[in-house]
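Structure at a glance
Read off the chains here:
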There are 2 protein chains.
Amino acid sequence: MSEKDVSSLKVNQDRLIGDIHHTCQWGTGERWGTASTETGMSRLSLSDADKEARDWFVATTKDLGCKTTVDAMGNIFAVRPGLNNNVPPTFAGSHLDTQPTGGRYDGILGVTAAVEMLKVLNENWVETEYPVGVVNWTNEEGARFPISMVSSGVWAGAIAQDHAHNLVEVGGGTATMKSELERIAYLGSVPASHASTPMAAHFELHIEQGPILEAENRKIGIVKGVQAYRWFTITVRGGDCHTGTTDFKNRADALLAASKMILQSHRAATKAKALASTGILTLRPGSTNTVPGTVRFSLDIRAAKDETVEALEEQLKRDFAAIAAGEDVGNLNEGGTPGKRCEVEWRTDSVSEAINFHEDCISCVTESARGIFGDRAEDLTKSMISGAGHDSVYTSKRVPTSMIFVPSKDGVSHNPVEYTSPEDCALGAQVLLGAVLRYDRMRAAR
Amino acid sequence: MSEKDVSSLKVNQDRLIGDIHHTCQWGTGERWGTASTETGMSRLSLSDADKEARDWFVATTKDLGCKTTVDAMGNIFAVRPGLNNNVPPTFAGSHLDTQPTGGRYDGILGVTAAVEMLKVLNENWVETEYPVGVVNWTNEEGARFPISMVSSGVWAGAIAQDHAHNLVEVGGGTATMKSELERIAYLGSVPASHASTPMAAHFELHIEQGPILEAENRKIGIVKGVQAYRWFTITVRGGDCHTGTTDFKNRADALLAASKMILQSHRAATKAKALASTGILTLRPGSTNTVPGTVRFSLDIRAAKDETVEALEEQLKRDFAAIAAGEDVGNLNEGGTPGKRCEVEWRTDSVSEAINFHEDCISCVTESARGIFGDRAEDLTKSMISGAGHDSVYTSKRVPTSMIFVPSKDGVSHNPVEYTSPEDCALGAQVLLGAVLRYDRMRAAR
């Protein structure tokens, strides 16, 4: 196919949006508006609703002439043959499971856009050089079985299949991944492994789940990687005391110290071009007239590079220790009363390394966007890194991978009101189609 | 009585400590050490344990020759006659009820020290000019029936007796103050009122419940009043967002804003020579990777003067609004990233005005301490204001009143480990005895 041929292929926006909402009949969630599509989704992995969405996926891709394979984690691979079928397919895909109070786009857009790609190829009688596949990964959300991206993790060899099979559903039930895979008849006989089901590459279209594209009036995020992050629980111990009878200099106020630490984490992250966030804070004993003796808070630090996260962690360990000891950090003590020292303790809860996507894939996405936007590509696209995890994190460990983002209204995700306009969904699908076809050409040219 | 006669009277430390621990057999609480007295107290007002302590109080004061009166709030007044009994007695007293996880000194010391005063007067055949009384106030803690100092409040005419009678116990029970007063046979026929049971003055010995005397190596606090305080609930509203996908400038981080507010309240209170404290903080939604959209926190501001509290409230209202709007206050924004604005809302929960105790009573306490400490009085006493509320707040609205503080180990109170040494308890009782006798002489001299 020439560049001109590739550019002439157009996704059908109405058909794509129709497919998104058609699949949302299974696991419809909370209503937030009056229109028929104005509801969220609640389609936990391997539930009856998920089985119905899977059945649709298998039936639809089979109708489109694909050969489908289900592996031992319930990952479904649908492959459309190319001219040469002795090599692995170029894949596009994402996941059909959702959060319990999720929306209609997270994961679903990536799968339905990949199916739309197959439809465009079929209706235009396109013959690719190599096979092209669509994949639906199991339990990406980690909402039912408590490891996110678990099945792409097993495929990549990063998580043991037995361990994943034995994961018990959250919420007090007794079902395991394996028992639910059996129950809904999606326990495939093929081992979940890159060795058994190889890929040439993996492209994933996804909603941004953040506000940046919308805020900057851009249409497409060219995702170059996934940021590194570390999660910590910080405990600050001072002493409880009566707010009325204890002057400032006799207090070891754990909340005042924690407030300084939270502010300092924001300043240090700003300086490091990183992110630092506290989403949980609890304290004891919790009474209006008692100064808190113990405060515990979460700290989530993220950056594009592992070194940045490591350096920020080291700096904040020094800064928090100094703040607890009553030393001045960044003039935070200015105008206050020196009190008694607190103790601070760090616990590391999670470490996730930075992911760099493959240059070949990134360049196919960039070219595809340029093919659509022409001279406006620079204004309408943004080179970015993903703040959240995706199945592409694991595929990138085995095969060339990259992602495409489209705008999320108000940056909202994991919420029933999650929304991406039909135009933006279609633009994302168009970029995905162009990227996969360009990758196919690139393979052939080598 | 001459000054010399007054100074020659000595409280009996062992007898006083014996009485404290004897009364702690009723309502013994959590054990914290191995010695027999190393437990806390759990003697909720009008419980069976409280009835036993009351029965001891009535029997003991009757044995000492007192006439006892119980009013309609269960306040017990025991009066030892003087030479002239046509005028109201000079009272000393406090309360025998405790917090559910309280200690052995809060309230109990003030009552048992006043009983010790009666014992010293009797064994020395002292005849005071006017009658001297000891009072046990009902439900000072507000721990069982949810208004603190409610019965001295009724006596002072600040709280309606019917309203107090209808207070229902906390914790889901159905008992009211009145039903419990009837049940334990302490519903007196005399109305609870300063008109029915008049006092000439009210002295109260109490543990400091703060760390200041201990920290400064002083023995006696000469309490000149009770500080003003106001309690608020502050709500900061920003927007929830994903910690990984939302850059700083697109966040309305309610916890970052609240952290700045807490730090600023500390700075502004330092400048105003006031106190500001946050004891409760809750946030939503509460997930490591979600920036909190809503934070709610308590703010307790206190100062010796009402004007100081008012001015601090006004300043913090301006400062918090500026912080929420993203404006810089005190360089708190320095080195950070400007984000989106939050909203801030104040709710006033409680307003308590400053109390100034009576000069006559304060001077009797001062003279009494000087009589004991001599030249060392300046080093060993401290003129202070009370940070917490006491029954003396209400008596001061009707009659000359003041208080005496003794050191609290580590400033701890409302806790089983609350502790004041036998020597310090006896010193406080000695100052109380001297103050009451000096007040009696002052009345006679006028």
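As annotated in an unreviewed UniProt entry, chain A carries the name Peptidase M20 dimerisation domain-containing protein and comes from Coniosporium apollinis.

Examining the overall build of chain A
Helix and strand content of chain A: 14 helices and 18 strands. In terms of overall size, chain A behaves like a compact globule, its C-alpha atoms giving a radius of gyration of 25 Å where 446 residues would be expected to give roughly 22 Å. The buried share of chain A, taken over its 446 residues, is 60%. The contacts of chain A with a sequence gap of at least 6 include a subset with a gap of at least 24, amounting to 78%. If you sum the accessible surface of chain A, you get close to 16,800 Å²; carbon and sulfur atoms cover 47% of it. Charge separation in chain A, taken as the distance between the mean sites of 45 positive and 57 negative side-chain charges, equals 3 Å.

Focus: the interface of chain A and chain B
In this assembly, 57 residues from chain A lie in contact with 57 residues from chain B. Both sides together, the interface formed by chain A and chain B hides about 4,600 Å², and carbon and sulfur atoms give 61% of it. Between the two partners, chain A and chain B, sit 0 salt bridges. On the surface where chain A and chain B come into contact, there are 20 residue pairs in polar contact (both at pLDDT 80 or more). Counting residues per element, the ones that place at least two in the side of chain A that touches chain B are helix H8 (212-215), helix H9 (254-271), strand S11 (275-277), strand S12 (281-284), strand S13 (290-291) and strand S14 (294-303) of chain A. Looking at the side of chain A that touches chain B, the element that brings in the most residues is H9 of chain A, giving 10 residues. By residue class, the composition of the side of chain A that touches chain B is 20 nonpolar, 27 polar and 10 charged.

Considerations on the environment of alanine 304 of chain A
Positionally, alanine 304 of chain A belongs in the loop between S14 and helix H10 (306-324). Sequence separation between alanine 304 of chain A and glutamate 353 of chain A is 49 residues, and the spatial gap between their C-alpha atoms is 9.4 Å.

Section: helix H2 (residues 13-23) of chain A
Residues and elements named next belong to chain A. For H2, the complete set of buried residues consists of Leu16, Ile17, Asp19, Ile20, His21 and Thr23. Of the surrounding elements, those touching the buried residues of H2 are helix H3 (48-63), helix H4 (108-123) and helix H14 (422-445). Its side-chain oxygen placed 3.1 Å from the backbone nitrogen of aspartate 14, asparagine 12 serves as the N-cap of H2.

Some thoughts on the relation of the copies chain A and chain B
Of the transformation placing chain A onto chain B, the axial shift is 0.1 Å and the rotation is 180°, giving an RMSD of 0.2 Å. As the rotation angle and translation indicate, the two copies are arranged about a two-fold axis. Measuring from the rotation axis to each C-alpha of chain A, the shortest distance belongs to serine 259 of chain A, at 2.3 Å. Take the interface residues of chain A: 100% of them recur as interface residues in chain B, which is what a same-surface contact looks like.

Digging into the UniProt feature "domain: Peptidase M20 dimerisation" (unreviewed entry) in chain A
UniProt tags residues 230-324 of chain A as "domain: Peptidase M20 dimerisation" (unreviewed entry). The straight-line gap between the two end C-alpha atoms of residues 230-324 of chain A is 22 Å; of that span, 39% is helix and 31% is strand.

As for a negative patch on the surface
Taken together, the side chains of Asp328 and Glu334 of chain A together with Asp328 and Glu334 of chain B make up a negatively charged region of the molecular surface. Tracing the chain through its elements places aspartate 328 of chain B in the loop between helix H10 (306-324) and strand S15 (343-352). The exposure class assigned to aspartate 328 of chain B is partly exposed, which follows from its relative accessible area of 41%.

A short note on the pattern of salt bridges
All names here are of chain A. Evaluated as defined, the whole model comprises 50 salt bridges over all chains. The salt bridge partner of aspartate 50 is arginine 54, with a shortest N-O separation of 3.0 Å. Here aspartate 50 pairs with arginine 54, and both are found in helix H3, just 4 residues apart, close to one helical turn. Of the two residues examined, aspartate 50 and arginine 54, each falls in the buried class. Taken together, the shared-partner salt bridges in this structure form one network comprising Asp48, Arg144, Glu169, Glu180 and Arg183.

Side note on H10 of chain B
Residue and element names in this part refer to chain B. Taking 1.5 Å of rise per residue, the 19 residues of H10 would be expected to cover 27 Å, and the 27 Å separating its terminal C-alpha atoms lies within 8% of that figure. Among the residues of H10, Val309, Leu312, Glu313, Leu316, Asp319, Phe320, Ala322, Ile323 and Ala324 are the ones counted as buried. On its buried side, H10 packs onto strand S9 (228-237), helix H9 (254-271), strand S11 (275-277), strand S14 (294-303) and S15. Count one or two residues on from H10 and you reach glycine 326, which has phi positive near 90°.

Focus: the packing of aromatic side chains
On inspection of all chains with the given rule, the structure shows 18 aromatic pairs over all chains. Between tryptophan 137 of chain A and tryptophan 155 of chain A, the aromatic rings sit 5.7 Å apart at their centres with planes inclined by 70°, giving edge-to-face as the arrangement. Here tryptophan 137 of chain A is found in strand S6 (residues 132-137), whereas its partner tryptophan 155 of chain A is found in helix H5 (residues 150-155), with 18 residues between them in sequence. Taken as a pair, tryptophan 137 of chain A and tryptophan 155 of chain A share a single burial class, namely buried. On the basis of an interplanar angle of 85° and a centroid distance of 5.9 Å, the ring pair of tyrosine 105 of chain B and tyrosine 419 of chain B is categorised as edge-to-face. In this pair, tyrosine 105 of chain B is assigned in the loop between strand S5 (90-95) and helix H4 (108-123) and tyrosine 419 of chain B in the loop between strand S18 (401-406) and helix H14 (422-445), connecting sequence segments 314 residues apart. The exposure class of tyrosine 105 of chain B is buried, given its relative accessible area of 6%. Accessibility expressed as a relative area gives 30% for tyrosine 419 of chain B, which makes it partly exposed. Counting every residue linked through ring pairs, the aromatic cluster contains Phe77, Phe91, Trp137 and Trp155 of chain A.

Some words on the side chain of threonine 138 of chain A
Among the structural elements, threonine 138 of chain A can be located in the loop between S6 and H5. Within the structure, threonine 138 of chain A has its side chain in polar contact with the side chain of arginine 54 of chain A (distance 2.8 Å).

Examining the nonpolar core
Note that soluble globular proteins tend to have their nonpolar side chains buried in a common cluster. By size, the foremost hydrophobic cluster in this structure holds 96 residues, and its most contacted members are Phe57, Met117, Phe203 and Leu432 of chain A. In terms of residue count, H14 of chain A provides more of this core than any other element does, 12 residues in total. The next biggest cluster of nonpolar side chains, apart from the first, holds 94 residues, and it includes Leu121, Met199, Val406 and Ala435 of chain B.

Observations concerning the side chain of asparagine 139 of chain B
Residues and elements named next belong to chain B. With respect to the secondary-structure elements, asparagine 139 resides in the loop between strand S6 (132-137) and helix H5 (150-155). What makes asparagine 139 buried here is its relative accessible area of 1%. For asparagine 139, the contacting residues outside a window of four places in its chain are Ser45, Asp97, Arg144, Phe145, Ile147, Ser148, Met149, Val150 and Met177.

The rules behind the values
- Residues numbered from 1 in each chain as written.
- Chains lettered and ligands numbered in written order.
- Predicted model: local features only at pLDDT ≥ 70, side-chain atom pairs only at ≥ 80, totals over all residues.
- Heavy atoms only, no water.
- Helix = DSSP H or I, 4+ residues; strand = E, 2+ residues; numbered from the N terminus.
- Rg over C-alpha atoms; globule rule 2.2 N^0.38 Å.
- Buried < 20%, exposed > 50% of the residue type's maximum accessible area, 1.4 Å probe, protein only.
- Contact = heavy atoms within 4.5 Å.
- Areas by Shrake-Rupley, 256 points an atom, 1.4 Å probe, with all protein chains shown as cover.
- Lys, Arg positive; Asp, Glu negative; His and termini not counted.
- Charge placed at Lys NZ, Arg CZ, Asp CG, Glu CD.
- Buried area = accessible area lost by both parts, 1.4 Å probe.
- Salt bridge = Lys/Arg side-chain N within 4 Å of Asp/Glu carboxyl O.
- Polar contact = N/O pair within 3.5 Å; in protein donor to acceptor, adjacent residues only side chain to side chain.
- Nonpolar A, V, L, I, M, F, W, Y, C, P; charged D, E, K, R; others polar.
- Least-squares fit on C-alpha atoms with pLDDT ≥ 70 in both.
- UniProt positions renumbered as here; feature names shortened; annotations may be inferred.
- Patch = residues over 30% accessible without salt bridge, like charges linked within 9 Å, V, L, I, M, F, W, Y side chains within 5 Å.
- Expected span 1.5 Å × (residues − 1).
- Phe/Tyr/Trp six-rings, centres within 6.5 Å; stacked < 30°, edge-to-face > 60°.
- Core = buried A, V, L, I, M, F, W, Y, C linked by side-chain atoms within 4.5 Å.

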